[in-house]
Amino acid sequence: MYPPDKYKSKYRIATSRLYSWDYGWNGMYFVTIGTSGKQCYLGHYHIPDRLFPAGFVARKHWLEIPNHFPFVKLDAFTIMPNHVHGIVIINKPESNVKPLQSRDAINRVSTGLSNVNMVHGNGGATRKHNPMLQDNLSRIIRWYKGRVTFEIRKTNPQFAWQSRFHDHIIRDREEYHGIRQYIIDNPQQWTEDPLREVLNSDQYL
């Protein structure tokens, strides 16, 4: 279900002409995290909804994200053979810091915290002086990727994620419903998924 209307001002981007966006601010994000080399470490190449043990690890820790980041709510997600799709909702308490708008609605974000943005509040403040804004999407995904990698490498030292992840800022109700349905339908669309273009990796069973 789409978040109630009272959250609309927090989750929706008011204009389609985005100048910059701070990923520590409240919003809804469609996230895709791929494995290194598109290898099917997480599930069966021919049966996408048949997870390997590594896939169950990836699912378990995805569901644990709100335990480590209480301001995060999770929506639809799916664990595919070589990638993870999910909607992450950042829902922090009200603060004096207003969102920056983004030039692009789709961004490829490094899992590191380099190239941080300037946050302008009353008198101006930088991210490093605003602890709440350090809790951003990159930090959430970095924690997730690190935790999953640590657990999976106990049994498969070869496992690795791609160094970057893909995110998309969800801008309105229509886009939310379309992305949510895409995530739900993704296993059934596996044969047409561009991320499927990888050698059969049944050895990861």
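Up top is the structure these notes are about.
A brief report on the enclosed structure follows. Keep in mind that what you see is a predicted model, and the values were worked out from it rather than measured.

In this section: the overall build of the chain. The helix and strand inventory of the chain stands at six helices and seven strands. Going from the N terminus to the C terminus, the chain shows its helices and strands as α-β-α-α-β-β-β-β-β-α-α-β-α. The proportion of buried residues among the 205 residues of the chain is 49%. For the chain, the share of sequence-separated contacts (at least 6 apart) that also reach a separation of at least 24 residues comes to 75%. Within the structure as shown, the chain displays about 10,900 Å² of accessible surface, and the carbon and sulfur contribution to it stands at 51%.

We now examine the pattern of salt bridges. Evaluated as defined, the whole model comprises six salt bridges. Here Asp75 ties to Arg180 by a salt bridge, and the two come within 2.7 Å at their closest N and O atoms. Highlighted residues: Asp75 in strand S2 (residues 72–79) and Arg180 in helix H6 (residues 173–185), separated in sequence by 105 residues. Relative accessible area serves as the criterion here: at 27%, Arg180 is assigned to the partly exposed category. Residues Lys154 and Glu151 are paired through a salt bridge, measuring 3.1 Å at the closest nitrogen-oxygen approach. Since its relative accessible area comes to 56%, Lys154 is described here as exposed. When salt bridges that share partners are traced, they join Arg147, Glu151 and Lys154 into one network.

With respect to the helices, strands and loops of the structure, Arg50 is situated in the loop between strand S1 (27–34) and helix H2 (53–63). Taking the relative accessible area as the measure of exposure, Arg50 reaches 40% and is therefore partly exposed. Sequence separation of Arg50 and Pro187 is 137 residues, and the distance between their C-alpha atoms is 9.8 Å.

Take H2 next. If you check which residues of H2 are buried, you get Ala54, Gly55, Ala58, His61 and Trp62. The buried side chains of H2 occupy one side of the element, clustering within an arc of 135° when seen end-on. Buried positions along H2 lie against S1, helix H3 (65–68), S2, strand S3 (83–90) and helix H5 (137–152).

A few words on the nonpolar core. Ile33, Leu42, Leu137 and Tyr144 are the most contacted members of the largest nonpolar core, which totals 30 residues. Elements with a contribution of two residues or more to this core: S1, H2, S2, S3, H5 and strand S7 (164–169). In terms of residues, this core owes the most to one element, H5, which gives six residues. Every residue in contact with Tyr144, bar those within four places of it in the chain, is listed here: Ile33, Ala58, His61, Trp62, Ile65, Ile79, Val84 and Trp161. Within the second largest apolar cluster, nine residues are counted, among which are Met28, Ile89, Ile170 and Ile183.

What counts, and at which threshold
- Residues numbered from 1 in each chain as written.
- Predicted model: local features only at pLDDT ≥ 70, side-chain atom pairs only at ≥ 80, totals over all residues.
- Heavy atoms only, no water.
- Helix = DSSP H or I, 4+ residues; strand = E, 2+ residues; numbered from the N terminus.
- Buried < 20%, exposed > 50% of the residue type's maximum accessible area, 1.4 Å probe, protein only.
- Contact = heavy atoms within 4.5 Å.
- Areas by Shrake-Rupley, 256 points an atom, 1.4 Å probe, with all protein chains shown as cover.
- Salt bridge = Lys/Arg side-chain N within 4 Å of Asp/Glu carboxyl O.
- Arc of directions from axis to C-beta.
- Core = buried A, V, L, I, M, F, W, Y, C linked by side-chain atoms within 4.5 Å.

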